[in-house]
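# A structural walkthrough
Chain by chain, the residues run as shown.
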Amino acid sequence: MTRGRRAAEREPSPDGAATGPVLLALAGVSRVHGTGPTAVHALDDVDLRVRMGELVAVMGPSGSGKSTLLNLAGGLDTPTSGRVTLGRDVLSDVSATERAALRRRRVGYVFQDLNLIPALTAAENVALPRELDGVRARAARKEALAALDDVGLADLADRFPEEMSGGQQQRVAIARALVGPRRLVLADEPTGALDSHTGEAVMRLLRARVDAGAAGLLVTHEPRFAAWADRTVYLRDGVVVDASRDDDAEDLLVGAAAGAAGEDPTWDD
Ligand SMILES: Nc1ncnc2c1ncn2[C@@H]1O[C@H](COP(=O)(O)OP(=O)(O)OP(=O)(O)O)[C@@H](O)[C@H]1O
């Protein structure tokens, strides 16, 4: 089991198991790109559960399926077989439109390629996904300012991306990923373009968000960043070849509970 120094410091539990409800569950998930002799088995029969309050790192060589896993987890892609569940919603069963709506409301992405919109200020970039969710402009700005404050950028809210350093831009991207009621944070090499000091700061922010109750999945090539996670899953050729402790399924919100009537305790949106 790979447990980082910081995770160990943060969490005294000897087995390191996060105890929140399962937010994200992949069960027997495979993804094949293409057909016939040229088909690529990007993921093969992967099981993974991530709990609220848990940060899971995904490591593996180039082409091992890390980004495919992240895309499936966030509903950007659908599995060829198997099931992806977010809260009580089976992402792999809903229509593309519903999946897009779930994704927008519930999933925050942080990519190496930040995708900030150059013509919008930091606050406008962060507010945009909330406005797309139907939140009124004034409320969305308020939320955006709070999210920017969380990442230490309250003073730069009205700057444009080109007026900020790379690290500051990355923090804006994180604020945008975390604004509003999102509970699942998917980060694909979020530290890739950053110097080590700024990379650590980014990890601290992700860790803090997860400690506050989100579930996080972090793709990284760097063990020192994976050390911030509670556990690490290693992929090779689309297969999980090593995973530190994944806990019991008994309190899963999925399976028989999927589609059941009533409130979903993992969401407050
Ligand atoms: N849209 C696609 N069409 C065909 N093959 C694809 C597609 N997307 C990914 N693949 C293939 O699936 C495999 C897994 O790709 P993926 O991008 O998930 O790996 P990765 O571990 O994220 O790699 P890297 O670390 O280089 O980003 C690779 O062989 C890749 O070429």
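Our subject is the structure that appears above.
Residues numbered from 1 in each chain as written. Predicted model: local features only at pLDDT ≥ 70, side-chain atom pairs only at ≥ 80, totals over all residues.

### Examining helix H3 (residues 96-106)
- Looking at H3, one finds that the buried residues are Arg99, Leu102 and Arg106. All buried residues of H3 lie within an arc of 65 degrees about the axis, which places them on one face of the element. Summarising the geometry of H3, the exposed residues directed more than 90 degrees from the buried face are Ala96 and Thr97.
- Taken together, the buried residues of H3 touch strand E4 (81-86), strand E5 (89-90), strand E6 (107-111) and strand E7 (184-188). (Buried ≥ 20, exposed ≤ 12 C-beta atoms within 10 Å, placed from the backbone. Helix = DSSP H or I, 4+ residues; strand = E, 2+ residues; numbered from the N terminus. Arc of directions from axis to C-beta. Contact = placed C-beta atoms within 7 Å.)

### Examining the sheet that holds strand E1 (residues 22-33)
- Read from one edge to the other, the open sheet built from 4 strands follows the order E2-E1-E4-E5, with strand pairing classed as antiparallel. Two strands bound the open sheet, and with one partner strand each, they are strand E2 (40-51) and E5.
- Relative to E4, E1 is paired through 5 bridges, and the arrangement is antiparallel. The residue of E4 that forms the bridge with Leu26 is Val84.
- Most of the contacts of helix H2 (residues 66-73) go to E1, to which it runs at about 125 degrees, and overall it touches E1, E2 and E4. (Pairing = 2+ DSSP bridges. Axes fitted to C-alpha atoms, helices over the stretch in contact; angles between N-to-C directions.)

### A look at the site of the ligand
- Around the ligand, the neighbouring residues are His33, Gly34, Val40, Ala42, Gly60, Ser62, Gly63, Ser64, Gly65, Lys66, Ser67 and Thr68.
- Listing elements by their share of the shell around the ligand, those giving two or more residues are E2 and H2.
- Element by element, the count of residues in the shell around the ligand is highest for H2, at 3 residues.
- Classifying every residue of the shell around the ligand gives 2 nonpolar, 9 polar and 1 charged. (Near = placed C-beta within 6 Å. Nonpolar A, V, L, I, M, F, W, Y, C, P; charged D, E, K, R; others polar.)

### Let's talk about the nonpolar core
- Counting residues in each nonpolar core, the largest one holds 71 residues, and the members touching the most others are Val58, Val126, Leu148 and Ala175.
- If you tally residues by element for this core, the top one is E1, at 7 residues. (Core = buried A, V, L, I, M, F, W, Y, C linked by C-beta atoms within 7 Å.)

### Here we look at the packing of helix H4 (residues 122-132) against helix H5 (residues 137-150)
- Relative orientation of the contacting elements H4 and H5 amounts to 125 degrees, with a least axis distance of 8 Å. Overall, the two elements H4 and H5 adopt an arrangement that is oblique. Here H4 and H5 pass one another in a crossing that is right-handed. Where H4 abuts H5, its residues Ala122, Ala123, Val126, Ala127, Arg130 and Glu131 lie against Ala137, Ala140, Arg141, Glu143, Ala144, Leu145, Ala147 and Leu148.
- A breakdown of the residues in the contact of H4 with H5 according to their chemical character gives 10 nonpolar, no polar and 4 charged. (Parallel < 35°, antiparallel > 145°, perpendicular 65-115°, else oblique. Left-handed = near helix turned anticlockwise from the far one by under 90°.)

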